[in-house]
Amino acid sequence: MNEVIMVTGGAGFLGSHLCDKLVEQGRDVLCVDNFFTGTKQNIRHLLSSDRFELLRHDVTFPLYVEVRQIYNLACPASPVHYQHDPVQTTKTSVHGAINMLGLAKRLRARILQASTSEVYGDPSMHPQREEYWGNVNPIGIRSCYDEGKRCAETLFFDYHRQHRLPIKVLRIFNTYGPRMHPSDGRVVSNFIVQALRGQDITVFGDGQQTRSFCFVDDMVRAFVLMMDSSSEITGPINVGNPVEFTMLELAEKVLKKVGGKSKICFKPLPGDDPRQRQPDISRAKTSLGWSPTVTLDQGLEPTIAYFRKLLEA
Ligand SMILES: NC(=O)c1ccc[n+]([C@@H]2O[C@H](COP(=O)([O-])OP(=O)(O)OC[C@H]3O[C@@H](n4cnc5c(N)ncnc54)[C@H](O)[C@@H]3O)[C@@H](O)[C@H]2O)c1
């Protein structure tokens, strides 16, 4: 019998690409989502596959299903969405982790946590290595997400130490690609949508703050490599593209590729916005043999094409 793999948050941006990959590999997939930020559109093409099942469920409530592996991705990822209902965001990370870890413990299933570079907060170490404990504001407007994800990591490692649960923790850095939410305020989708609509491109601060951007295909490859890695590899492991760009450079690239008449305009920086974010991916390279292969120029093409089609529809 083919053993079922569960993907929570499977109708979201990263989750839907992960479901695609797993189904493509001939695995049976149970996608669990409450459609807070995910959409049926993202997984509609999979509904006709015998290998794919969809369950509407909120991970803050317990779930009893028989699965072999759990990818825990459920959680709104963009500030606009996670700040919309911050209490629910913390519950999704913390209660969601408790429920999924409890299920994994009962089934002795492998469980992977989609953690985040936000656990480093506004880092004083650059680039960020996994040993760095972070610089996180516990009471700010991003804290529901950052501290929720930190607590989820704590729970994963306590389940591992206390119950010998096979865990995998990935710290994901900025990832972009087709199926990002068009109005979630994340910088890549924001710039593309603004440029396609002929609106001015909004750069916060002086635009000199840097980010690194990983294309979704590279990220999904890291997920599967991590889940299938030997059991002593628990992480945390940073995954992302270490090549840095300033926000101004990104805006200029997008403008050039989209064309049109948009101009760049500057607005004040929002609260707790980190100046720099860049992963040290040495651990991913040595433990998983993983490094990103898609450049920003390559990845922007299909992403722009996706949004162009979406906005035309
Ligand atoms: N995309 C990135 O750059 C990035 C970076 C770091 C971490 N991550 C993490 O990766 C995961 C996926 O992110 P994404 O970019 O695909 O975001 P997304 O918002 O597109 O996907 C999240 C999915 O989780 C679902 N969800 C939210 N709350 C839920 C709940 N209580 N119960 C069930 N489903 C719920 C949403 O409906 C959505 O389908 C998240 O955990 C996020 O924190 C993403």
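Student: Help me understand the packing of aromatic side chains in this model?
Tutor: Think of a pair of aromatic rings as described by two things: how far the centres are apart, and how the planes are tilted against each other in angle. Applying the stated criterion across every chain yields a total of six aromatic pairs. Aromatic side chains Y120 and F173 sit 6.2 Å apart centroid to centroid with 40 degrees between the ring planes, which places their arrangement in the tilted category. You can see Y120 sitting in the loop between β5 (110–116) and α4 (143–163) and its partner F173 sitting in the loop between β6 (167–172) and β7 (175–176), a full 53 residues away along the chain. When sorted by exposure, Y120 lands in the same class as F173, which is buried.

Student: Please explain unusual backbone geometry as it appears in this structure.
Tutor: Among all residues save glycine, negative phi is the norm, and among peptide bonds the norm is trans. Residue P127 follows H126 across a cis peptide bond; omega there is -10 degrees. Here the residue pair G235 and P236 is connected by a cis peptide bond, since its omega of 0 degrees sits within 30 degrees of zero. Position of P236 relative to the elements: it lies in the loop between α6 (216–227) and β11 (237–239). With a phi close to 55 degrees, R164 is a non-glycine residue in the positive phi region.

Student: How should I be thinking about the packing of helix α5 (residues 187–196) against helix α7 (residues 247–258) in this particular structure?
Tutor: The geometry of a pair of packed helices is captured by two quantities: the angle between their axes and the separation between those axes. Two elements in contact, α5 and α7, have axes separated by 9 Å at closest approach and are oriented at 40 degrees. Here α5 is positioned oblique relative to α7, judged by the angle of their axes. Where α5 crosses over α7, the handedness of that crossing is right-handed. Of the residues in α7, those in contact with V187, V188, F191, I192, A195 and L196 of α5 are M247, L250, A251, V254 and V258. Tallied by class, residues from the contact of α5 with α7 come to eleven nonpolar, no polar and no charged.

Student: How should the site of the ligand be read in this particular structure?
Tutor: With respect to spatial proximity, 30 residues lie near the ligand, and among them L14, D33, T37, Y145 and R186 are the closest. In the environment of the ligand, a nitrogen atom lies 2.9 Å from a nitrogen or oxygen atom belonging to the backbone of V59. A distance of 2.8 Å separates an oxygen atom of the ligand from a polar backbone atom of L73. Notes on the ligand: free accessible area 820 Å², of which the protein chains cover 97%. Elements with a contribution of two residues or more to the shell around the ligand: α1 (13–24), α3 (86–107), β5 and α4. Considering every element that reaches the shell around the ligand, the biggest residue donor is β5, with three residues.

Student: Can you help me understand the pattern of salt bridges in this one?
Tutor: Side chains bearing opposite charge may pair, as long as their charged atoms lie close to each other. Following the criterion strictly, the structure yields 17 salt bridges and no others. In this structure, the salt-bridge partner of R68 is E3, at a minimum N-O distance of 3.9 Å. One end of the pair, R68, is in the loop between β3 (52–56) and β4 (69–72); the other, E3, is in the segment before β1 (4–8), and 65 residues separate them in sequence. R68 gets classed as partly exposed once you look at its relative accessible area, which sits at 33%. Using a relative accessible area of 43% as the deciding quantity, one classes E3 as partly exposed.

Student: Which parts of the structure should I look at to understand the nonpolar core?
Tutor: Soluble globular proteins: nonpolar side chains tend toward being buried together. Counting residues in hydrophobic clusters, the biggest one holds 62 residues, and the most contacted among them are L18, Y71, F213 and F223. It is α6 that provides the largest number of residues to this core, a total of eight residues. In this structure F223 touches L14, L18, Y71, L73, L112, L170 and I172, once residues within four positions along its chain are discounted. In this structure, L107, I111, Y159 and I167 belong to the second largest nonpolar core, which totals 26 residues.

Student: Before we go on, may I ask you to explain the sheet that holds β3 in this structure?
Tutor: In a beta sheet, neighbouring strands pair by backbone hydrogen bonds and run either parallel or antiparallel. Read from one edge to the other, the open sheet built from seven strands follows the order β3-β2-β1-β4-β5-β6-β11, with strand pairing classed as parallel. Strands with a single pairing partner mark the edges of an open sheet, and in this sheet they are β3 and β11. The mean inter-strand angle of the sheet, taken between neighbouring strand axes irrespective of direction, is 20 degrees. Here β1 pairs with strand β2 (residues 28–33) via five bridges, running parallel. Bridging from a neighbouring strand, I5 pairs with V29 of β2. Along the sheet, α4 makes contact with β5 and β6, crossing β5 at roughly 155 degrees.

Student: How should helix α9 (residues 296–312) be read in this particular structure?
Tutor: Along an α-helix, a turn takes 3.6 residues, which lines up residues three or four apart on a common side. In a regular helix each residue adds 1.5 Å, so 17 residues correspond to 24 Å; α9 covers 24 Å between its end C-alpha atoms and thus fits that length. The complete set of buried residues in α9 reads L296, G299, L300, T303, I304 and F307. Buried residues of α9, viewed axially, fall in a sector of 130 degrees; they line one side. For α9, the exposed residues set more than 90 degrees away from the buried face come down to K309 and E312. Of the surrounding elements, those touching the buried residues of α9 are β7, α5, β10 (214–215), β12 (244–246) and α7.

Student: Mind showing me how you'd approach the pairing of β2 here?
Tutor: Along any regular strand the residues' side chains alternate between the sheet's two faces. Most of β2 is tucked away, with six of its six residues classed as buried. Burial along β2 is two-sided: D28, L30 and V32 and V29, C31 and D33, pointing in opposite directions, are all buried. Between the parallel pair β1 and β2, the chain is carried across by α1, and the sense of this crossover is right-handed. In the sheet, β2 pairs with β3 via five bridges, with the strands oriented parallel. Paired with V29 across the two strands is F52, which belongs to β3.

About the criteria used
Within each chain, residues carry numbers counting from 1 in the order of the written sequence. Only residues with pLDDT of 70 or above have their local features reported here, since the model is predicted, and side-chain atom pairs are shown and tallied only from 80 upward, although totals for entire chains, interfaces and linings are computed over all residues. Excluding hydrogens and water, the side-chain values take into account all heavy atoms of the structure. In this analysis, rings of Phe, Tyr and Trp, with Trp reduced to its six-membered ring, are considered paired at centre separations within 6.5 Å, and the interplanar angle assigns stacked below 30 degrees, edge-to-face beyond 60, and tilted for intermediate values. Each helix is a run of H or I in the DSSP string that is no shorter than four residues. Each strand is a run of E no shorter than two, and both are numbered from the N terminus. Between buried and exposed lies partly exposed: a residue is buried under 20% and exposed over 50% of the maximum accessible area for its type, with that area taken using a 1.4 Å probe on protein chains only. Lines are fitted to the C-alpha atoms to define the axes, a helix being fitted only along its stretch in contact, and any angle between axes, read from their N-to-C directions, falls within 0 to 180 degrees. To sort the angles, those under 35 degrees are grouped as roughly parallel, those over 145 as roughly antiparallel, those from 65 to 115 as roughly perpendicular, and the leftovers as oblique. Throughout, a crossing is termed right-handed when the near helix is turned clockwise from the far one, and left-handed when it is turned anticlockwise from it by less than a right angle. We call two residues contacting when some pair of their heavy atoms lies within 4.5 Å. The residue classification treats Ala, Val, Leu, Ile, Met, Phe, Trp, Tyr, Cys and Pro as nonpolar and Asp, Glu, Lys and Arg as charged. All others, Gly included, are polar. Nearness is defined per residue: one heavy atom within 4 Å of the molecule or strand is enough. The term polar contact refers here to a pair of N or O atoms within 3.5 Å; inside protein, the definition further demands a hydrogen-donor-capable atom paired with an acceptor-capable atom, and it admits residues adjacent in sequence only when both atoms are side-chain atoms. The accessible surface values rely on the Shrake-Rupley method and a 1.4 Å probe; as for residues, cover is taken only from the protein chains in view. One side-chain nitrogen of Lys or Arg within 4 Å of one carboxyl oxygen of Asp or Glu is enough to make a salt bridge. Residues enter a nonpolar core if they are buried and are Ala, Val, Leu, Ile, Met, Phe, Trp, Tyr or Cys, with the set joined through side-chain atoms within 4.5 Å. A pair of strands is treated as paired once DSSP finds two or more bridges between them. In a helix, the anticipated span is given by 1.5 Å times the number of residues less one. To obtain the arc, one takes the directions from the helix axis to the C-beta atoms. Here, the term right-handed applies to a crossover whose path from the first strand over the helix to the second runs clockwise when the strands point away from the viewer.

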